[in-house]
Structure formats: C-alpha cells, structure tokens
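Each chain, letter by letter, is given below.
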Amino acid sequence: MSDSKAYSAIGGQAVIEGVMMRSKTSYAMAVRSPGNSIVIVKSALATTAKRSKILALPIIRGVVALIDSMALGMKLMTKSADIAMEETAQEPPSKFEKWLEGKLGDKTTDVMIFISVAIALVMGTGLFMLMPAFIASFTNPIIGEHTWALGIFEGLLRIAILVGYILLISRMKDIRRVFQYHGAEHKCINCLESSRELTVENVMQCSRLHKRCGTSFLLFVMIISMVTFFFVRTDVVLLRFGMRILLVPFIAGLSYEVIRWAGRSESRFVKLVSVPGLWLQRLTTQEPDPEQLEVAIAALSEVLDDKQPLTA
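Undergrad: Please explain the pattern of salt bridges as it appears in this structure.
TA: If charged atoms from side chains of opposite charge come close, those side chains can pair. Overall, the coordinates contain eight salt bridges when judged by the stated rule. Salt-bridge contacts for Arg32 lead to Glu294; the nearest nitrogen and oxygen are separated by 3.2 Å. Taken together, the residues span a long stretch of sequence, with Arg32 in strand S3 (residues 26-32) and Glu294 in helix H13 (residues 290-304) at a distance of 262 residues. Residue Arg32 is classed as buried on the basis of its relative accessible area of 10%. With a shortest N-O distance of 3.6 Å, Glu287 and Arg208 are connected by a salt bridge.

What follows is the structure, encoded as structure tokens:
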C-alpha cells in the first residue's frame, strides 16, 4: 500500500475577514465586505524561483518561496483590510504617502512591501535567533566546555518564545478572527484532498489542522535550528551571533523541504514528526462559523478553475 495521499499542491493564508488560496499558477483572495458580500481578488502567480534554475534548487527554493510568500501575504493583508473596512480605502493619502508616490511613482507599493518584508525578517531573526543566543550566553559559567548544550537550551528557548508569542496575540479579538479564517482555510484544503464536494456541511466536518501549515513550518525551523546548532557551536558569543544569522537561510530552506515532503507522505514516521506542529496549530486555528467557511470555499473554488489535478 502506498504511504502517500491525495495532494493538491494548494496552499493558503488567512487575511483580514477572509482567506487567500494559492495554486501553482494563480492565487485568489475572498474577503467578506461590510455589506456582507464576498469580494474576490484573483491574479496570476509570479514566483521568483521560475526565473532561474539555480533558484529552483532544493534549499534555495525554500528561501525564495518564503520571501515570495511573505511579500504576497503582506500585500494581501493590506488589500483585505481595505475591503473589510471600506472607509479605510476612501481615506485621502497622507503627506508621507504623497511624498513617496512623487518619488517612486508606480513602484511605491513594491518598495513598501520590500521594506516590510525586510523589517519582518530582521525582527524575526532578532526575536527567534539572536535573543535566545543572548539569553543562553549567561549560562556559559554553568555549561563551561559543554557548548553542545547551548544549542539544545537555545532551541527550547525559541520554542518557548514562539508559543508565548502566539498565546499573547491570540488574546486579541481581531487575531482570533484571523485564526478562525485560518481554520476555515485548512478545513477547505482537507475537504478537497479527501475528494469530497466543497459544501459548507462537508467542510465543517473536516479537520482544522494540516501538515503543510506555516505554523508547523515555524516549529520545524525551531527544531532544525536546535539540531544544527548542536553541531555548529562556539564559546565566542559574537561568533555565535554571526553563525545564527548566516545559517538562517539554510535552516529556513531545509525546513521548507521537510514540510514539503511531510505534506505528501502518510507514513507512520511522518505522522509522528508532524504531531508537535499539529499541536501548535490548535493555538493558531479556531473553529470557523458557516459564513467564514463560505468565504474560504469561494477562494478555493476560484483557484480550482485552473484545473490543478490532485497527485499522489
């Protein structure tokens, strides 16, 4: 018997009052407007990895996909907020926005997204890579020559910071709404991959957890970084910081390959290693209501027009 299941190659993301679904060739975002209608935004998907064979190589393609995903996600978050809060879209541009448009013209949005992604990457590296390394440096007198223990201690710190961060933001009402749409996104993809008709009733019965989720990706990053820094170690604090920064792309790329493989397999080993990520998803997803499922189904139905077949 094969250890693989039907695999749709469709991913997604929760946005403000909506869901974005992405196939290999296009993406579609569905957002619930204040008038209770569902607004669809659809476009062809341009991926950076297709521009060069080198960028499509394993590990490298993961880094490229992560940056592409962050850029698209930030763009659609802004767009979804404009749709969900119609008055925001009608506000006149600020003096700063007018100045930017005068200097950059049509490239204003692209430049702002680039800056946003850069800031997010710097903050993420600082919070999840450098801060644990800094805190762990205070254990040097205790650890002494056993520098291998630093990687494990740092890894546990990263996981604790990640869980604490998720628990903190989950207390915000708007974030809880996003987590509900996140659950709706997963339920729709699970319904599709179980070859069931995309109806609210069928989707509601599906799990809100999925192995290819970005939450699981983050946890894989934490675990793989722990293993990596177990072998790559030094007792020089500044050198340790430098290695953490330099190895971020490798760790992210390797995590991408692992979760990509895990998403295609139904082996017992994969199910075992996927369990921690699925546990964490119980924090980043919530059960959606029928109206939220309608939005997710609308987004998925749009990308299914591309006739993307399920593969084994």
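Undergrad: Sorry, what's going on with the packing of aromatic side chains here?
TA: The tally for this structure, following the rule as stated, stands at three aromatic pairs. Taking 5.1 Å as the distance between ring centres and 85 degrees as the angle between the ring planes, the aromatic pair formed by Phe230 and Phe231 counts as edge-to-face. The class of Phe230 is partly exposed, set by a relative accessible area of 29%. On the basis of an interplanar angle of 40 degrees and a centroid distance of 6.3 Å, the ring pair of Trp261 and Phe269 is categorised as tilted. Classification of Trp261 as partly exposed rests on a relative accessible area of 42%.

Undergrad: How should I be thinking about the environment of Ser170 in this particular structure?
TA: Residue placement: Ser170 occurs in the loop between helix H6 (148-169) and helix H7 (173-193). In sequence terms Ser170 and Thr285 are 115 residues apart; their C-alpha atoms lie 9.7 Å from each other. Aside from chain neighbours lying at most four places away, what touches Ser170 is Ile175, Arg176 and Phe179.

Undergrad: How should I be thinking about the pairing of strand S4 (residues 38-44) in this particular structure?
TA: If a strand is regular, its side chains alternate between the two faces of the sheet. Here S3 runs beside S4; their pairing, made up of seven bridges, is antiparallel. Residue Val31 lies in a different strand from S4, and its bridge partner there is Val39. Here S3 hands over to S4 after five residues, with Asn36 in that stretch at a positive phi of 75 degrees.

Undergrad: Hey, could you run me through the sheet that holds strand S1 (residues 11-15) in this one?
TA: If you walk across this open sheet you meet the four strands as S1-S2-S3-S4, and the pairing is antiparallel. If you trace the sheet from one side to the other, it starts and ends with S1 and S4, each paired once. Here the strands of the sheet are splayed against their neighbours by 15 degrees on average, with no regard to which way each runs. Alignment of S1 against strand S2 (residues 18-22), held across five bridges, turns out to be antiparallel. Residue Gly12 lies in a different strand from S2, and its bridge partner there is Met21. Docked against the sheet, helix H1 (residues 60-84) engages S1, S2, S3 and S4, running at close to 30 degrees with respect to S3. The strands touched by H13 within the sheet are S2, S3 and S4, with S3 carrying the most contacts at an inclination of about 155 degrees.

Undergrad: What is the right way to look at the environment of Pro34 in this model?
TA: Inspection of the secondary structure puts Pro34 in the loop between S3 and S4. Accessibility expressed as a relative area gives 51% for Pro34, which makes it exposed. Sequence-wise, Pro34 and Glu86 are 52 residues apart; in three dimensions their C-alpha atoms are separated by 7.2 Å. The residues touching Pro34, leaving out its near neighbours within four places in the chain, are Ile83, Ala84 and Glu86.

Undergrad: Help me understand the side chain of Gln180 in this model?
TA: Relative to the helices and strands, Gln180 resides in helix H7. Looking at Gln180, the relative accessible area reads 19%, which means it is buried.

Undergrad: Would you explain the packing of helix H9 (residues 214-231) against helix H12 (residues 268-284) in this entry?
TA: Helix packing for two helices is described by the angle between their axes and how far apart those axes are. Look at H9 against H12: their axes get within 8 Å of each other, and the N-to-C directions meet at 125 degrees. For the element pair H9 / H12, the angle class is oblique. Pair H9 / H12 crosses with right-handed handedness. Facing H9, whose interface residues are Thr215, Ser216, Leu219 and Phe220, H12 presents Val273, Pro276, Gly277, Leu278, Leu280, Gln281 and Thr284.

About the thresholds
- Residues numbered from 1 in each chain as written.
- Predicted model: local features only at pLDDT ≥ 70, side-chain atom pairs only at ≥ 80, totals over all residues.
- Heavy atoms only, no water.
- Salt bridge = Lys/Arg side-chain N within 4 Å of Asp/Glu carboxyl O.
- Helix = DSSP H or I, 4+ residues; strand = E, 2+ residues; numbered from the N terminus.
- Buried < 20%, exposed > 50% of the residue type's maximum accessible area, 1.4 Å probe, protein only.
- Phe/Tyr/Trp six-rings, centres within 6.5 Å; stacked < 30°, edge-to-face > 60°.
- Contact = heavy atoms within 4.5 Å.
- Pairing = 2+ DSSP bridges.
- Axes fitted to C-alpha atoms, helices over the stretch in contact; angles between N-to-C directions.
- Parallel < 35°, antiparallel > 145°, perpendicular 65-115°, else oblique.
- Left-handed = near helix turned anticlockwise from the far one by under 90°.

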